[in-house]
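# Report on the structure
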Amino acid sequence: MPQIIKDGAIVEDRWQWLDAEALAAQQALPEGPVIVPLAYWQAHRDSLKARGDVAVCLEPGEEPVALADDLADLPMVAIHFPAFKDGRGYSYARELRTRYGFKGEIRALGDVLRDQLFYLQRVGFNAFVIRSDRDIHDALNGLKDFSVTYQGDVHDPRPIYRRH
Amino acid sequence: MYVYRPHDKQLLNERVAQFRDQTRRFLDGQLSNDEFLPLRLQNGLYIQRYAPMLRVSVPYGMLSSTQLRMLGRIAREWDKGYAHVSTRQNIQYNWPDLEDVPDILAALAEVEMHAIQTSGNCIRNVTTDEFAGINAAEIEDPRPWCEIIRQWATFNPEFAYLPRKFKIAVNAVPDADPALIGVHDIGVQIVHRDGETGFQVLAGGGLGRTPMVGEVIGDFVPWPHLLSYLEAILRVYNKYGNRDNKYKARIKILVKALGAEKFRALTEAEFAELKDGPMTLTAEEVDVMRGHFSEPAYDPSLTNRPAALEQALASNKAFNRWFHTNVTAHRQPGYAAVTLTLKKTGRAPGDLTDEEFDAVADLADQFSFAEARTTHQQNIVLGDVRQDQLFPLWEKLDALGFATPNLKLLTDMIACPGGDFCSLANAKSIPIAEAIQRHFDDMDYLHDLGPIDVNISGCMNACGHHHIGHIGILGVDKKGREYYQITLGGRGDKVSKIGEKLGPSFDADQVVPVIARLVDLYVEQRKPGELFIDTYERLGIEPFKERAYATDH
């Protein structure tokens, strides 16, 4: 079974991510936990909600507001990074946590690498599917790059001078 | 200046360790070029024409003598014995080896310095007036606010992968723009209203390919909300800035495309959510920051124009001339600010050797409370010199070659490193600067001409601020040959203003004659006491255009 980083540890993972192309090639949604594109979710919202093991993946340009009414029914929101340099997903995750108070899993998909993990976790991601050609054990170290932070984040919104 | 607390030091040490490991993984082949690129850029490391270039952050231009000595040591041990003051008040090394950079960063960390976010698509070094804290015209010291912004921006997790670089400047002087806030991604103007500090916040200014002056987005942001407001703007930009075309990715393009009103509405919506939240500044923290920039131990018994100064001014003509160009008034009676122009003919503007770093450090210790400042005009300022010590200081500066009395005059040019060093450049800048200096070598004539800002960039990216020079020179490439386009009427003084193109570009060997013709026209047409820029604004571009392209001159 594939491994991911979740809540600071390496764990086995059963979620299957289907993009629009993969979905089009299938007759019906497969059994088991599955991550679908936003458009698919919006088209089949009611039936998917009933399943309880369907999550939505946001692409760059698809903002969390599109899921504002659905978050209570979603176990996970995934955010796709087609390229790690596209930083929109950082603001999306932060919004999910602070504006919408989303408590479920936020998962980073795509070009997800060790050297971005520290920032990603601070804005609200708690699960990371590390790019398959990289060593997930090495990537885990990226969560611990710093012990000091100046600004607040989703875990502790207080800036450093308010933490004492 | 800001004195590091244990957690600041800890953060720097962790950064050095992180970058050491990233460099090792890159050299081992575990990180691809593309993956290493933004990591090294966010540590100020470019791969340039001949070697890497390392840009060291000098927050809002403040340096201690200890830091100056370390900068000199780094130039000596890891570079070719010199470094360069950039137009964003930073220090650049042109010849370090990639393998050495972690050690250089460790050395910098020893003196509370770093290269964090001096490049890359993130929030860059915060800049301000080089006379911050000593300028009689400012309404308060901008540096505590700069430091507050610096800490918010440092490793801000949400804004490390922006569409493009992001530059913030702070100005505390009313009716003038010494920090060039009009041409920054965000410009923060400190204002007082009903006795309370607040900020007028501009967004969408910038130079580069599409130069423009920023729009007022927040008219009065009360001080506790400064960071919440900045965060709101950054979030709008991070979400909606163009990521498909790097030439359309700066915030100025977004502000222009949406219009200021729409951009303001988006910002206000984000701000409404952040306002009064945990980012709200406390009076206590602002006081702590202000405490870092408390006055040095000025002697309160001193007065302006002491006898020793008057005597020297009366008896030494060269000192007198230098005093009138390179010495700036100070808000503390009996003190003055001294600018060392780093514009020796035959040397790249803004360059300092390792020995000169040491010499400046010694002078700072002896004459200016062990501090110095870098300027966006690529000079160095000793900010707190006793007026009765100006003459002995001048004698030492003169011996070192730093007493050229040309501050703000035609030969005090801004120039980027250009095609001699930079791989982005279309043309060379340094030889053009040198040719101008060689031609205009008559100090009497230069003083007669008065202040003229000549700014030179080797490409559209405008590191040499050519758009805001009274005379701007831009290197362009046409079919493999270097040409120079001239703009007139730009300003980076009282206001920030983008210059106008004169017309078709010139051959390298035509630049000096053309500038001489433009200057001649000014001399012919000026009214008594009128500066070059004022004559230009009165006459408009046409007569200058006619003269520049005239062949019978």
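Residues numbered from 1 in each chain as written. Chains lettered and ligands numbered in written order. Predicted model: local features only at pLDDT ≥ 70, side-chain atom pairs only at ≥ 80, totals over all residues.

### Considerations on the overall build of chain B
Cut-off, in case you're wondering: Numbering of helices and strands runs from the N terminus, with a helix taken as a DSSP run of H or I at least four residues long and a strand as a DSSP run of E at least two residues long. C-alpha atoms define the radius of gyration, and 2.2 Å times the number of residues to the power 0.38 defines the globule rule. Residues are called buried when their C-beta atom has 20 or more other C-beta atoms within 10 Å, exposed when it has 12 or fewer, and partly exposed otherwise; all C-beta atoms are positioned from the backbone.
Counting its regular elements, chain B contains 18 helices and 23 strands. For 553 residues, the compact-globule estimate of 2.2 N^0.38 gives 24 Å, and chain B sits close to it at 23 Å. If one aligns the C-alpha atoms of chain B with their principal axes, the spans along those axes are about 60 × 60 × 55 Å. Looking at the 553 residues of chain B, the share that counts as buried comes to 55%.

### A look at the nonpolar core
Note the threshold: Buried Ala, Val, Leu, Ile, Met, Phe, Trp, Tyr and Cys residues form a nonpolar core when they are connected through C-beta atoms within 7 Å. Any two residues are considered in contact once their C-beta atoms, placed from the backbone, lie within 7 Å.
In this structure, A:Val56, A:Val77, A:Phe128, B:Ile233 and B:Val360 are the most contacted members of the largest nonpolar core, which totals 199 residues. Of all the elements, helix α6 (residues 226–240) of chain B adds the most residues to this core, at 9 residues. Sequence-distant contacts of A:Val56, defined by excluding residues within four places in its chain, comprise A:Val36, A:Leu38, A:Trp41, A:Leu67, A:Leu74, A:Val77 and A:Ala78.

### Description of the packing of helix α14 (residues 430–439) of chain B against helix α16 (residues 511–525) of chain B
Residues and elements named next belong to chain B. For clarity, the cut-off: Structural elements are reduced to axes, namely lines fitted to C-alpha atoms, with helices fitted over the stretch in contact, and the angle between N-to-C directions of any two is expressed from 0 to 180 degrees. When an angle is under 35 degrees it counts as roughly parallel; over 145 it counts as roughly antiparallel; between 65 and 115 it counts as roughly perpendicular; any other value is oblique. Definitions for this section: a left-handed crossing has its near helix turned counterclockwise from the far helix by less than a right angle. A right-handed crossing has that turn clockwise.
Two elements in contact, α14 and α16, have axes separated by 9 Å at closest approach and are oriented at 50°. On the basis of their axis angle, the class for α14 and α16 is oblique. Crossing of α14 over α16 shows right-handed handedness. Counting all contacts with α14, which are made through Ile432, Ala435, Ile436 and His439, the residues of α16 involved are Val511, Val512, Ile515 and Ala516.

### Some details on the interface of chain B and chain A
If you look at the interface, chain B gives 28 residues, while chain A gives 29 residues. Those elements that provide at least two residues to the side of chain B that touches chain A are α1 (6–27), α2 (33–41), α5 (143–153) and α6 of chain B. With 6 residues, α1(B) is the single largest residue contributor to the side of chain B that touches chain A.

### Let's talk about the pairing of strand β12 (residues 335–340) of chain B
Residue and element names in this part refer to chain B. Test applied: Strand pairing is assigned whenever DSSP identifies at least 2 bridges connecting the two strands.
Across the 6 residues of β12, 6 count as buried, placing the element largely inside the fold. Neither face of β12 is open: one carries Tyr335, Ala337 and Thr339, the other Ala336, Val338 and Leu340, and all of them are buried. Bridge count for strand β11 (residues 327–329) against β12 is 3 bridges, and the pairing is antiparallel. Looking at β12, one finds that valine 327 is bridged to valine 338.

### Focus: the domain arrangement of chain B
All names here are of chain B. So the rule is basically this: For the domain bounds, the source is a domain assignment made automatically or taken from a database. In this count, Pro and Cys sit with the nonpolar residues alongside Ala, Val, Leu, Ile, Met, Phe, Trp and Tyr, while Asp, Glu, Lys and Arg are called charged and the others, Gly among them, polar.
When cut into domains, chain B gives domain 1 (6–110), domain 2 (127–292), domain 3 (310–400) and domain 4 (414–549). On a C-alpha basis, the centroid separation for the pair domain 1 and domain 2 is 26 Å. Counting from both sides, the interface comprises 6 residues of domain 1 and, opposite them, 9 residues of domain 2. Classifying every residue of the side of domain 1 that touches domain 2 by side-chain character gives 2 nonpolar, 3 polar and 1 charged.

### A closer look at the sheet that holds strand β4 (residues 34–37) of chain A
All names here are of chain A. Overall, mixed pairing links the 8 strands, which are arranged β2-β1-β8-β7-β6-β5-β4-β3 in an open sheet. Single-partner strands in this sheet number two, and they are β2 (9–12) and β3 (16–17). Helix α4 (residues 88–98) contacts β5 (54–58), β6 (76–81) and β7 (105–110) of the sheet and is inclined by roughly 165° relative to β6.

### Regarding the sheet that holds β12(B)
Residue and element names in this part refer to chain B. Taking strand neighbours across the sheet as the criterion, the 5 strands line up as β3-β14-β15-β12-β11 in an open arrangement whose pairing is antiparallel. With one partner strand each, in any of the chains shown, β3 (62–64) and β11 form the two edges of the open sheet. Adjacent strand axes in the sheet meet at a mean angle of 35° when their direction is disregarded. Two elements, β12 and strand β15 (residues 380–386), share 5 bridges in a ladder whose sense is antiparallel. Bridge pairing links valine 338 to leucine 382 in β15. Against the sheet, helix α3 (residues 65–78) contacts β3 and β14 (371–374), and its axis sits at roughly 85° relative to β3. Contacts from helix α13 (residues 390–400) reach β11, β12 and β15, with the element oriented near 10° to β12.

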